[in-house]
Amino acid sequence: EPNGILAPSCGRKYSALAPESVAMIQFLDSVGRHDIARRALDFFLEKQHVDGMIQNFDGHQSEPGPVLWTFAEHFRYTRDKAWLRRCAPRLLKTADYLLAWRKRNCRAELRGKGYGLIDGQWADMKETFHAFGLNAFACRGVLAFAEVLAGILPQDAVRLKKEALMWQKDLRMAVIRSMALAPVVPLGDGTWTSSLSPNPERELPACLDCTKAF
């Protein structure tokens, strides 16, 4: 089918999963295959949930951020404002879904434990945490989308950028706190370095906490 939607899957066994698929899509853009990249991006719009969430594989909640980021990167390559205008309403819904998710966690009792960070299933283990990777992808997605949106919907762009920068600040504070609590670990040359847990709920890095999920 020469013009329809493509599923950017990692092999035949699994559905497309944004944190993996976006690397393939961005590669296609980098070598000038913008037509194939666009058809692969359309997969995520076609599968978007009514509330704006993007989720295609086995409970993973990590997809909205990478999708927003990669739509923004595609626009940086192509500068196709007509295409961006077509996609913008649905992508705005995804960005607002993420910001509402974050807002639910702006609670005093989460100070030092994931304040302002979204919580969800980040890896294959069926556990939800305020994972740093989950939040880094989501925050970057909203910020990147805000940057490219400025040329067509400036008021929404300003609003999204403001929220994303506050999110970035909360994420950075959580990482700094976790690094302060985590133990130092030895390197091969005899020196020691700081470590970091994968989420603020834990103090140990994953390599020292192998009984737990990421």
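A brief report on the enclosed structure follows. (Residues numbered from 1 in each chain as written. Predicted model: local features only at pLDDT ≥ 70, side-chain atom pairs only at ≥ 80, totals over all residues. Heavy atoms only, no water.)

Turning next to the pattern of salt bridges. Summed over all chains, the structure comprises 10 salt bridges. Arg159 is paired through a salt bridge with Asp156; the nearest N and O atoms lie 3.2 Å apart. Here Arg159 and its partner Asp156 are both found in helix α6 (residues 154–181), 3 residues apart, which amounts to about one turn of the helix. On the basis of relative accessible area, Arg159 is assigned to the partly exposed category, the value being 33%. Classification of Asp156 as partly exposed rests on a relative accessible area of 23%. A cluster of three or more residues bridged by salt bridges with shared partners is formed by Glu73, Arg76, Arg140 and Glu147. (Salt bridge = Lys/Arg side-chain N within 4 Å of Asp/Glu carboxyl O. Helix = DSSP H or I, 4+ residues; strand = E, 2+ residues; numbered from the N terminus. Buried < 20%, exposed > 50% of the residue type's maximum accessible area, 1.4 Å probe, protein only.)

The next thing to look at is the environment of Thr94. In this fold, Thr94 is placed in helix α4 (residues 81–103). Spatially, the C-alpha atoms of Thr94 and Lys126 are 23 Å apart, while their sequence positions differ by 32 residues. What Thr94 contacts, discounting residues up to four positions off in sequence, is Gln48, Gly52, Ile54, Pro64 and Leu68. (Contact = heavy atoms within 4.5 Å.)

Okay, the packing of helix α2 (residues 34–46) against helix α3 (residues 64–78) next. The N-to-C vectors of α2 and α3 enclose an angle of 150°; their axes lie 11 Å apart at closest approach. Between α2 and α3, the angle is such that the two are roughly antiparallel. Crossing angle aside, the handedness with which α2 passes α3 is left-handed. Across the interface between the two elements, His34, Ala37, Arg38, Leu41, Phe44 and Leu45 from α2 touch Val67, Thr70, Phe71, His74, Tyr77 and Thr78 from α3. Across the contact of α2 with α3, the residue classes tally to 7 nonpolar, 4 polar and 1 charged. (Axes fitted to C-alpha atoms, helices over the stretch in contact; angles between N-to-C directions. Parallel < 35°, antiparallel > 145°, perpendicular 65-115°, else oblique. Left-handed = near helix turned anticlockwise from the far one by under 90°. Nonpolar A, V, L, I, M, F, W, Y, C, P; charged D, E, K, R; others polar.)

Next up on the list: the nonpolar core. Membership of the largest hydrophobic core comes to 48 residues, with the highest contact counts inside it found for Phe145, Leu160 and Trp167. Among the elements of the structure, α1 (18–30), α2, α3, α4, α5 (132–149) and α6 are those that each provide at least two residues to this core. Considering every element that reaches this core, the biggest residue donor is α5, with 11 residues. In contact with Leu160, other than residues within four places in its own chain, are Leu92, Ala95, Asp96, Leu99, Val142, Phe145, Ala146 and Leu149. (Core = buried A, V, L, I, M, F, W, Y, C linked by side-chain atoms within 4.5 Å.)

Let us now look at the packing of aromatic side chains. This model, assessed by the stated rule, comprises 6 aromatic pairs. Between the aromatic rings of Trp69 and Phe137, the centroid separation amounts to 6.0 Å while the plane-to-plane angle is 45°, which identifies the pairing as tilted. Linking Trp69 in helix α3 with Phe137 in helix α5, this pair joins segments that are 68 residues apart in sequence. Relative to Trp83, the ring of Phe71 lies with its centre 5.5 Å away and its plane at 10°, an arrangement referred to as stacked. A residue pair is termed long-range when its members are at least 10 positions apart, and Phe71 in helix α3 and Trp83 in helix α4 qualify at 12 residues. Each member of the pair Phe71 and Trp83 is classed as buried. An aromatic cluster is defined as three or more aromatic residues linked by ring pairs; in this entry it consists of Trp69, Trp122 and Phe137. Taking NZ or CZ as reference, Arg111 lies 3.6 Å from the ring centre of Tyr115, over its face. (Phe/Tyr/Trp six-rings, centres within 6.5 Å; stacked < 30°, edge-to-face > 60°. Lys NZ or Arg CZ within 6 Å of the ring centre and 35° of its normal.)

This part covers the state of the cysteines. Simply put, the disulfide is a covalent bond whose two ends are the sulfur atoms of two cysteines. Across all of its chains, the model carries 0 disulfides by this definition. There is no disulfide at Cys139, and the cysteine sulfur nearest it, in Cys106, is 12 Å away. (Disulfide = S-S within 2.5 Å.)

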